[in-house]
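# Analysis of the macromolecular model
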Amino acid sequence: MTDSMPPDAAPPEAATPAPRPYSPGLEGVVAAETALGYVDGAAGRLLYRGYRIGDLVERGTYPAVANLLWTGEWEPHHHLPTAAVPDAVLTTLRALPSTAKPMDALRTAVSVWGATQKLEWPPTPEQARALTAFSPSALAAFARIRQGLEPIEPDPDLDLVPGFLYQLNGTPADAGTARALDAYFVVGAEHGLNASTFTARVITSTRSDIASAVAGAIGALKGPLHGGAPTEVVEQIHTVGSPERAEAWVRETIARGERLMGFGHRVYRAYDPRAKALRQVAESMDHKPDWLALAIAVEDVALRVLAELHPDRPLKTNVEFYAAPVLQGVGLTPDLFPATFALARHAGWTAHVLEQAASNRIIRPDANYTGPAERDLPA
Ligand code: ACO
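Residues numbered from 1 in each chain as written. Predicted model: local features only at pLDDT ≥ 70, side-chain atom pairs only at ≥ 80, totals over all residues. Heavy atoms only, no water.

### Some thoughts on the domain arrangement of the protein chain
A common way to express how large an interface is: the accessible area buried when the components associate. The domains assigned to the protein chain are domain 1 (45-223 + 339-358) and domain 2 (229-328). Relative to domain 2, the C-alpha centre of domain 1 lies at a distance of 26 Å. Between domain 1 and domain 2, the contact holds 15 residues from the first and 14 residues from the second. Between domain 1 and domain 2, roughly 1,100 Å² of surface is buried when both sides are summed, and carbon and sulfur atoms account for 74% of that area. Three residues stand out in domain 1 for area buried against domain 2, namely Tyr-184, Val-187 and His-191, and they jointly supply 42% of the buried area on that side. Run the count over domain 1 and domain 2 and you get zero salt bridges. The set of elements that each furnish at least two residues to the side of domain 1 that touches domain 2 consists of strand S2 (45-48), helix H1 (53-59), helix H7 (175-188) and helix H15 (337-358). Split by residue class, the side of domain 1 that touches domain 2 holds nine nonpolar, three polar and three charged. (Domains from an automatic or database assignment. Contact = heavy atoms within 4.5 Å. Buried area = accessible area lost by both parts, 1.4 Å probe. Salt bridge = Lys/Arg side-chain N within 4 Å of Asp/Glu carboxyl O. Helix = DSSP H or I, 4+ residues; strand = E, 2+ residues; numbered from the N terminus. Nonpolar A, V, L, I, M, F, W, Y, C, P; charged D, E, K, R; others polar.)

### Things to note about the environment of Lys-101
Note on placement: Lys-101 falls in the loop between helix H3 (87-95) and helix H4 (102-116). Distance in space between the C-alpha atoms of Lys-101 and Ala-339 is 8.9 Å, their sequence separation being 238 residues.

### Overview of the site of the ligand
Around the ligand, the structure places 19 residues, and the nearest of them are His-226, Leu-260, Phe-263, Arg-266 and Arg-313. Arg-266 places a polar side-chain atom, nitrogen or oxygen, 2.8 Å from an oxygen atom of the ligand. Of the pockets mapped on this structure, the ligand occupies the largest pocket. Its residues placed into classes, the shell around the ligand shows nine nonpolar, six polar and four charged. (Near = heavy atom within 4 Å. Polar contact = N/O pair within 3.5 Å; in protein donor to acceptor, adjacent residues only side chain to side chain. 1 Å grid on protein atoms, 1.4 Å probe; cavity = no way out; pocket = protein on both sides within 12 Å on 5 of 7 lines; lining within 4 Å. Sits in = over half its atoms within 2 Å of the grid points.)

### A few points about the sheet that holds strand S3 (residues 51-52)
Backbone-to-backbone hydrogen bonds pair the strands of a sheet. The strands run either parallel or antiparallel. Judged by pairing direction, the sheet is antiparallel, and its three strands sit side by side in the order S1-S2-S3 without closing on themselves. Of all the strands in the sheet, just strand S1 (37-40) and S3 have a single pairing partner and so form its edges. Pairing between S2 and S3: two bridges, direction antiparallel. Counted as the bridge partner of Tyr-48 is Tyr-51 from S3. (Pairing = 2+ DSSP bridges.)

### Side note on the environment of Trp-349
One can find Trp-349 in helix H15. Along the primary structure Trp-349 and Leu-69 are separated by 280 residues, whereas in three dimensions their C-alpha atoms are 9.8 Å apart.

### Things to note about the packing of helix H8 (residues 195-205) against H15
Where H8 meets H15, the axes come as close as 9 Å, and the angle between the chain directions of the two elements is 35 degrees. For the crossing formed where H8 meets H15, the hand is right-handed. Every residue of H15 that contacts H8 at Ser-196, Thr-197, Ala-200, Arg-201, Thr-204 and Ser-205 is listed here: Arg-345, Trp-349, His-352, Val-353, Glu-355, Gln-356 and Ala-357. In terms of residue class, the contact of H8 with H15 is built from four nonpolar, six polar and three charged. (Axes fitted to C-alpha atoms, helices over the stretch in contact; angles between N-to-C directions. Left-handed = near helix turned anticlockwise from the far one by under 90°.)

### A short note on the nonpolar core
The biggest cluster of nonpolar side chains holds 111 residues, and the ones touching the most others in it are Tyr-48, Val-110, Phe-134, Leu-181, Tyr-184 and Phe-185. Taken domain by domain, the makeup of this core includes at least three residues from each of domain 1 (45-223 + 339-358) and domain 2 (229-328). The residues touching Phe-185, leaving out its near neighbours within four places in the chain, are Tyr-62, Leu-160, Val-161, Phe-164, Thr-340, Leu-343 and Ala-344. (Core = buried A, V, L, I, M, F, W, Y, C linked by side-chain atoms within 4.5 Å. Buried < 20%, exposed > 50% of the residue type's maximum accessible area, 1.4 Å probe, protein only.)

### Some remarks on the side chain of Arg-144
Relative to the helices and strands, Arg-144 is located in helix H5 (residues 125-145). For the buried residue Arg-144, which engages in no salt bridge, the nearest side chain bearing the opposite charge is Glu-150, 8.0 Å off. (Lys, Arg positive; Asp, Glu negative; His and termini not counted.)

### Some words on the layout of surface pockets
Empty space within the largest pocket amounts to approximately 1,700 Å³. Every residue lining the largest pocket is counted, 48 residues in all, and those nearest its centre are Asn-194, Leu-225, His-265, Arg-266 and Val-267. Mapped by element, the contributors of at least two residues to the lining of the largest pocket are S1, H8, helix H14 (319-329) and H15. Looking at the lining of the largest pocket residue by residue, the class counts come to 22 nonpolar, 15 polar and 11 charged. (Points joined across faces, edges and corners; volume = space filled by probe spheres on them.)

### Focus: helix H6 (residues 160-169)
Burial analysis of H6 places seven of its 10 residues in the buried class, the great majority of the element. Among the residues making up H6, those that are buried are Leu-160, Val-161, Gly-163, Phe-164, Leu-165, Gln-167 and Leu-168. Where H6 terminates, the next one or two residues include Gly-170, which has phi positive at roughly 85 degrees.

### Things to note about empty space enclosed by the protein
Summed over the entire model, instances satisfying the criterion amount to two cavities of 30 Å³ or more. One number sums up the size of the largest cavity: a volume of about 50 Å³. Taken together, Val-233, Gln-236, Ile-237, Val-240, Trp-249, Leu-260, Met-261, Phe-263, Val-298 and Phe-321 make up the lining of the largest cavity. Ranked by the residues each element gives to the lining of the largest cavity, the list is headed by helix H10 (residues 229-240), at four residues. The class makeup of the residues in the lining of the largest cavity is nine nonpolar, one polar and no charged. Surrounding the second largest cavity, Tyr-184, Val-187, Gly-188, Val-319, Glu-320 and Phe-341 form its lining.

### Examining H7
With 14 residues, H7 ought to run about 20 Å at 1.5 Å a step, and its terminal C-alpha atoms sit 20 Å apart, in line with that. Every buried residue of H7 is listed here: Thr-177, Ala-178, Ala-180, Leu-181, Asp-182, Ala-183, Tyr-184, Phe-185, Val-186, Val-187 and Gly-188. For H7, the N-terminal cap is Asp-174; the gap from its side-chain oxygen to the backbone nitrogen of Gly-176 is 3.1 Å. (Expected span 1.5 Å × (residues − 1).)

Shown next as structure tokens:
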């Protein structure tokens, strides 16, 4: 009410704006421009700065791919060892219950790491490198502390993935195991404007720091619809038990309104190229899990049943389905799968942080208001 309005005059009728187009889940909404990853859902293609994911898996390493994302330069022999864990982080990890989820421990570690650093605006490739190198050491430290073991210092001669395995197990990994996990890290490094990357960009857009952005991204990745799926893939395959049970299990699971983990994707309508690459890795591993053949049988049935039930919405295998046998094959326990995915995605998250900061505008979408019209509080 303005000062000039007579005291008993009715307030002017509030104009109700017409609802604007709304896309649940922001599907189809373009909210950023990026030169980092191109996800071609229709053709099942994934490019990092123009390079095909299959070629990067075959000829690259995770440090080279991370460097490509941060700088745009392809240096195939780029070296990135894991980094030491600050005392404040170790103290915090020791204070967590041994039952804490590794994703919670990693998110906490990144947050504490941020508090120990001078992370000035704008974020830099050096900050991205330091955080990406820190997190594997922190996760390995937590995995050991919860078993009553002492954390292991980084070996500066090892690249990031073999270094992570060494700090996890206390012994160097064999070349095949290190190569398989490195391929998984390459495949998981970047994937366009997915939920966790969008979270990192939203946080960065407020001029917050890179550790806050990555801590938030880990929180988003933790959900089973995003990064929590491979753990559940293992559980589901074990529940199926045998190839003969596959068809009945698939149909019963969908009939209960549940989702088959490792299938479907917001963007891919064709077979996920990451699943294709990881299936090859899984099948060529020395230490593949004994349930890999069963998983392949379940996949065949699931694809057939999903095509029958959703003829207009192609639902194919996604990356998580074959991430599960690779991660188990390199010796990780299923509860470490989501946090290991988070380690791999550090390269993409931090590259998006740099890109967002380079041409920043605060991300602030709008909502159509659906609540009650303006009204008086009850007397
Ligand atoms: N199993 C069974 N049915 C499914 C599945 C599935 N995995 N995925 C989708 N559907 C069904 C939906 O229930 C929906 O059915 P309805 O129309 O009868 O309601 C229909 O297919 C269409 O669903 P979409 O719109 O394609 O799904 P959306 O884009 O909302 O979700 C998502 C994509 C979250 C990945 C979904 O497919 C899913 O929950 N998959 C299982 C979890 C999973 O594997 N997550 C990992 C994704 S990859 C990643 O994040 C790294």
